[in-house]
Amino acid sequence: MRDDGRVTSSTPGPRTPALSAPRLIATDLDGTLLHDDKTVSPRTVAALAAAERAGIEVFFVTGRPARWMDVVSDHVHGHGLAICGNGAAVVDLHGGPGRHRFVTIRELPVPDALDVVRILRDAAPGTSFAVERTGGLHHEPTYPPLHLDPGESVAPAEKLLAAGPGGAGDQPVLKVLAYHPDLDPDGFLALARTAVGDRASLTRSSPSALLEISGRSVSKASTLAQCCAERGISADEVVAFGDMPNDMEMLAWAGRSYAMGNAHPDVLTAATGRTATNNEDGVARVIEEILAER
């Protein structure tokens, strides 16, 4: 970091960044683009707008469900596409708050979800579950109130995953969430990945022992790669930002990537560089430098 607080592209990282001119910026939200109070700073709004004026597309890539995207569409005029649910859905934000449209859904098949629930009940007794469908969140009675909105229904996970005519059971499952009240978050993730194997993709983005479970091969990186392929954009032309384990595949895939100053220690191994913290507008600082280079 320079004396004026700007972060240069020469910030050391474990990989050599790509030198291609960026065509797309992919940024996580919580702990990355957003301040801790969940706001978007004026500096960040201005940097994103300047990037788009320069012809660089902006993708929000988040673990959040689509219904929680108002936090950015309110401030950046509902522009662009978002990858939500850790890659489970691509959402068009152009309609503005409350008017999002699902473009792509990569669901977690119910048989796989049921297998994961059964395995984790055995491997980590005391785990409680929630099911994120396209229409909302459904959770078990013991699942804590961790989210911004109440559950659409409350029942054991096996019942929540059961199909039902004309009800929530007809909606695709985007992810299953697994919470443990006592386990270390990283330890819970390691245990669960060993137990579940390749039946599903497991990651975490919360400071608590909350795991996010998606379909096999579904991740922020794999869905972003699909979106970029549709646009003729290569990985070398992507700049990505993130702070938590659910960002690591995306940071490793992008040609240039930045771990936030507040990032989980493991994230530093996946990125080509490091920027300032989310509260210090680390994303905006890098964007400003990219535009200055152009």
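As a reminder, the structure under discussion sits directly above these lines.
As a starting point, this report considers the structure included with it. Note that this is a predicted model, so its numbers are computed, not measured.

## Details of the pairing of strand β2 (residues 57–61)
And step 1. For β2, a buried count of four out of five residues is recorded, marking the element as mostly surrounded by other parts of the structure.
And step 2. Inspection of the sheet shows strand β1 (residues 24–27) paired to β2 by four bridges, in the parallel sense. Pairing of Thr27 across the sheet is with Phe60, part of β2.
And step 3. Here β2 pairs with strand β3 (residues 81–84) via three bridges, running parallel. Residue Val61 lies in a different strand from β3, and its bridge partner there is Ile83.

## Section: the packing of helix α4 (residues 110–123) against helix α6 (residues 185–196)
And step 1. The interhelical angle for the contact between α4 and α6, taken along N-to-C directions, is 125 degrees, at an axis separation of 10 Å. Judged on the interaxial angle alone, α6 and α4 are oblique. Between α4 and α6 the crossing geometry is right-handed. Each of Val116, Ile119, Leu120 and Ala123 in α4 lies in contact with α6, whose residues at this interface are Leu191, Ala192, Ala195 and Val196.
And step 2. Looking at the contact of α4 with α6, its residues break down into eight nonpolar, no polar and no charged.

## Describing the pattern of salt bridges
And step 1. Enumeration over the complete set of coordinates arrives at 17 salt bridges.
And step 2. Here Glu57 ties to Arg231 by a salt bridge, and the two come within 3.3 Å at their closest N and O atoms. With Glu57 in strand β2 and Arg231 in the loop between α7 (220–230) and β12 (238–242), this pair connects stretches of sequence that are 174 residues apart.
And step 3. The partly exposed category is assigned to Arg231, whose relative accessible area is 29%.
And step 4. Two residues, Arg101 and Asp92, come together in a salt bridge whose shortest N-O distance is 3.1 Å.
And step 5. Residues joined by salt bridges that share partners form a network here, namely Asp28, Lys220 and Asp247.

## Looking at the side chain of Glu140
And step 1. Mapped onto the elements of the fold, Glu140 is located in the loop between β7 (136–139) and β8 (153–154).
And step 2. For Glu140, a relative accessible area of 5% gives the class buried.
And step 3. In this structure the side chain of Glu140 is engaged in a polar contact, spanning 2.4 Å, whose partner is the side chain of Arg121.
And step 4. Setting aside residues no more than four positions away along its own chain, Glu140 makes contact with Arg121, Thr127, Ser128, Phe129, Val154, Ala155, Pro156, Ala157, Glu158 and Leu160.

## Some words on α7
And step 1. Inspection of α7 places Lys220, Ala221, Thr223, Leu224, Cys227 and Cys228 among the buried residues, and these make up the whole buried set. Down the axis of α7, the sector holding all buried residues measures 165 degrees, keeping them to one side. In α7, the exposed positions angled more than 90 degrees off the buried face are occupied by Ala229 and Glu230.
And step 2. Where the residues of α7 are buried, they touch β1, β2, β3, β4 (89–92), β12 and α8 (248–253).
And step 3. Where α7 begins, one side-chain oxygen reaches toward the backbone nitrogen of Ala221, 3.3 Å away; that side chain belongs to Ser219.
And step 4. Positive phi shows up at Gly232, right after α7, with a value of about 70 degrees.

## Observations regarding the side chain of Lys175
And step 1. Residue position: Lys175 is located in strand β9 (residues 173–179).
And step 2. Within the structure, the side chain of Lys175 is placed 2.9 Å from the side chain of Glu212, a separation counted as a polar contact.
And step 3. Among residues more than four places away in sequence, those in contact with Lys175 are Gly63, Gly85, Asn86, Leu108, Ala130, Val131, Glu132, Glu212, Ile213 and Ser214.

## A few points about the sheet that holds strand β6 (residues 128–133)
And step 1. On the basis of which strands lie adjacent, the open sheet formed by six strands has the order β8-β7-β6-β9-β11-β10 and mixed pairing. Each edge of the open sheet carries a strand with a single partner, namely β8 and β10 (201–203).
And step 2. Taken together, the two bridges between β7 and β8 define a ladder with parallel strand orientation. Paired with His139 across the strands is Val154, a residue of β8.
And step 3. Lying on the sheet, α4 is in contact with β6, β9 and β11 (210–214); it crosses β9 at an angle near 5 degrees.

Calculation rules
Residues numbered from 1 in each chain as written. Predicted model: local features only at pLDDT ≥ 70, side-chain atom pairs only at ≥ 80, totals over all residues. Heavy atoms only, no water. Buried < 20%, exposed > 50% of the residue type's maximum accessible area, 1.4 Å probe, protein only. Helix = DSSP H or I, 4+ residues; strand = E, 2+ residues; numbered from the N terminus. Pairing = 2+ DSSP bridges. Axes fitted to C-alpha atoms, helices over the stretch in contact; angles between N-to-C directions. Parallel < 35°, antiparallel > 145°, perpendicular 65-115°, else oblique. Left-handed = near helix turned anticlockwise from the far one by under 90°. Contact = heavy atoms within 4.5 Å. Nonpolar A, V, L, I, M, F, W, Y, C, P; charged D, E, K, R; others polar. Salt bridge = Lys/Arg side-chain N within 4 Å of Asp/Glu carboxyl O. Polar contact = N/O pair within 3.5 Å; in protein donor to acceptor, adjacent residues only side chain to side chain. Arc of directions from axis to C-beta.

Distances and angles like these do not, on their own, reveal function.
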